[in-house]
Amino acid sequence: PWSTNKYPILVHEAIKTDDEKYYIFPLTSTGLGNMEKYIEGKIDLPLDPELNKAGFIIYDIDANICSVISLDIYVDLFHINHIEKLSNGVYKIYLPFIYDFMNFLNVTADYPGLDMKEVTINITNNSVVEIYDTNLRMDFINNYGDYLIGSYLSEKPKAIFYNRKHKINHTLSIPGEVVREMIPYNGMLLYFSHEKNLTETFLYVVKMADGDVLTKISVPNRPPGMHTTMY
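About the thresholds
Residues numbered from 1 in each chain as written. Predicted model: local features only at pLDDT ≥ 70, side-chain atom pairs only at ≥ 80, totals over all residues. Heavy atoms only, no water. Helix = DSSP H or I, 4+ residues; strand = E, 2+ residues; numbered from the N terminus. Rg over C-alpha atoms; globule rule 2.2 N^0.38 Å. Buried < 20%, exposed > 50% of the residue type's maximum accessible area, 1.4 Å probe, protein only. Contact = heavy atoms within 4.5 Å. Areas by Shrake-Rupley, 256 points an atom, 1.4 Å probe, with all protein chains shown as cover. Lys, Arg positive; Asp, Glu negative; His and termini not counted. Charge placed at Lys NZ, Arg CZ, Asp CG, Glu CD. Pairing = 2+ DSSP bridges. Phe/Tyr/Trp six-rings, centres within 6.5 Å; stacked < 30°, edge-to-face > 60°. Lys NZ or Arg CZ within 6 Å of the ring centre and 35° of its normal. Salt bridge = Lys/Arg side-chain N within 4 Å of Asp/Glu carboxyl O. Axes fitted to C-alpha atoms, helices over the stretch in contact; angles between N-to-C directions. Core = buried A, V, L, I, M, F, W, Y, C linked by side-chain atoms within 4.5 Å.

1. So, the overall build of the chain
Move 1: Each helix and strand in the chain was counted, giving 2 helices and 18 strands.
Move 2: Computed over C-alpha atoms, the radius of gyration of the chain comes to 19 Å, within 12% of the 17 Å expected from 2.2 N^0.38 for 231 residues, which places it in the range of a compact globule.
Move 3: Along the three orthogonal principal directions, the C-alpha set of the chain runs to about 50 × 50 × 30 Å.
Move 4: Buried positions account for 45% of the 231 residues belonging to the chain.
Move 5: Counting contacts in the chain only where the partners sit at least 6 residues apart, residues at least 24 apart contribute 43% of the total.
Move 6: Accessible area for the chain stands at about 12,100 Å²; split by element, carbon and sulfur atoms hold 49% of it.
Move 7: Across the chain, the mean location of the 20 positive side-chain charges is 3 Å away from that of the 29 negative side-chain charges.

Pasting the structure below:
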């Protein structure tokens, strides 16, 4: 039960709170717009990077109502990676803030700018309590014990391990070429690597401790960015 006159590029992914009271959806700043620049050929896609302030749609499951919490900044939010309940109505959300997404879509940048942040919100009064910047360039993140494990988007694949409790991190170089998502499981990392100019794809299983390869399996070719569904 939510509508808007300013349509975001997409409402990409929701996460359900552990107490099963709410679904939380991220809202992008980029939305449909800039048709004039599109018609004039100044941009490839008719999008407006500052159509909306970024934020969250909060869906109250029992009440069947929605509210919006605004971050009062222009940035794109797509993946909510983890959420913790701190007290009644107060939750901490872990997610990457995506910058220059339109330039990335228009192929003027190899990777979008991103920073993984912790956003504490109060659903009771629809406010932002705190935003903490980890200063980590990580995305496609999964929770694993006390850690968030994600991919460092760069020319050489790396995994980032972020300890949520102590706010410390370390980086592990992993074998392969173009790597996006990785799944932590039982002391291992599982991920697809897109190699030989993206003409071949392999499933790697490596040790989480040191990146040593346990197995490498050729699979049907798929492009980077196709989301992993195995877990």
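Let us keep going from here.
2. Side note on the pairing of strand E2 (residues 22-27)
Move 1: Two elements, strand E1 (residues 15-16) and E2, share 2 bridges in a ladder whose sense is antiparallel. Counted as the bridge partner of Ile15 is Ile24 from E2.
Move 2: Counting the residues between successive antiparallel strands, the hairpin from E1 to E2 contains 5 residues, one of them, Glu20, with a positive phi of roughly 60°.
Move 3: The sheet contact formed by E2 and strand E5 (residues 55-60) spans 6 bridges and is antiparallel. When the sheet's bridge partners are listed, Phe25 is paired in E5 with Ile57.

3. What to know about the packing of aromatic side chains
Move 1: Applying the stated rule across the entire model yields 3 aromatic pairs.
Move 2: Relative to Tyr59, the ring of Tyr23 lies with its centre 6.4 Å away and its plane at 15°, an arrangement referred to as stacked. Taken as a pair, Tyr23 in strand E2 and Tyr59 in strand E5 lie far apart in primary sequence, 36 residues in all.
Move 3: Judged by relative accessible area, Tyr23 falls into the partly exposed class, the value being 31%.
Move 4: Between the aromatic rings of Tyr191 and Tyr204, the centroid separation amounts to 5.4 Å while the plane-to-plane angle is 5°, which identifies the pairing as stacked. Here Tyr204 lies in strand E17 (residues 200-207) and Tyr191 lies in strand E16 (residues 188-195), a separation of 13 residues in the sequence.
Move 5: Here the basic side chain of Lys117 rests over the ring of Phe97, its NZ or CZ set 4.7 Å away from the ring centre.
Move 6: The ring of Phe202 has Lys216 sitting right over it, with the charged end atom 4.4 Å from the ring centre.

4. Remarks on the pattern of salt bridges
Move 1: Taken as a whole and judged by the stated rule, the model has 9 salt bridges.
Move 2: Overlapping salt bridges, with partners in common, bring together Lys92, Glu118 and Lys167 in one network.

5. Re the sheet that holds strand E6 (residues 65-70)
Move 1: Across the sheet, which stays open at both edges, the 4 strands sit in the order E1-E2-E5-E6 with antiparallel pairing between neighbours. In the strand order of this sheet, the two ends are held by E1 and E6, each with one partner.

6. Thoughts on the sheet that holds strand E18 (residues 213-219)
Move 1: Here 4 strands make up an open sheet; going across it, the order is E15-E16-E17-E18 and the pairing antiparallel. Across the chains shown, the open sheet's two edge strands, defined by having one partner strand only, are strand E15 (178-185) and E18. Neighbour-to-neighbour, the strand axes of the sheet open up by a mean angle of 20°, direction not taken into account.
Move 2: Looking at chain direction, E15 and E16 are connected through 6 bridges and run antiparallel. Paired with Ile183 across the bridge in E16 is Leu190.

7. Some words on the nonpolar core
Move 1: Among the nonpolar cores identified, the biggest contains 19 residues, and Ile24, Phe56, Ile58, Leu77, Ile93, Leu95 and Ile121 are the most heavily contacted of them.
Move 2: The greatest single-element share of this core, amounting to 4 residues, is contributed by strand E8 (residues 90-99).
Move 3: Residue contacts for Leu95: discarding those within four places in its chain leaves Phe56, Leu77, His79, Ile80, Asn81, Asp115, Met116, Lys117 and Val119.
Move 4: Formed by 13 residues, the second largest nonpolar core is a distinct cluster that contains Ala159, Ile174, Tyr191 and Tyr204.

These values are about where atoms sit, not about what they do.
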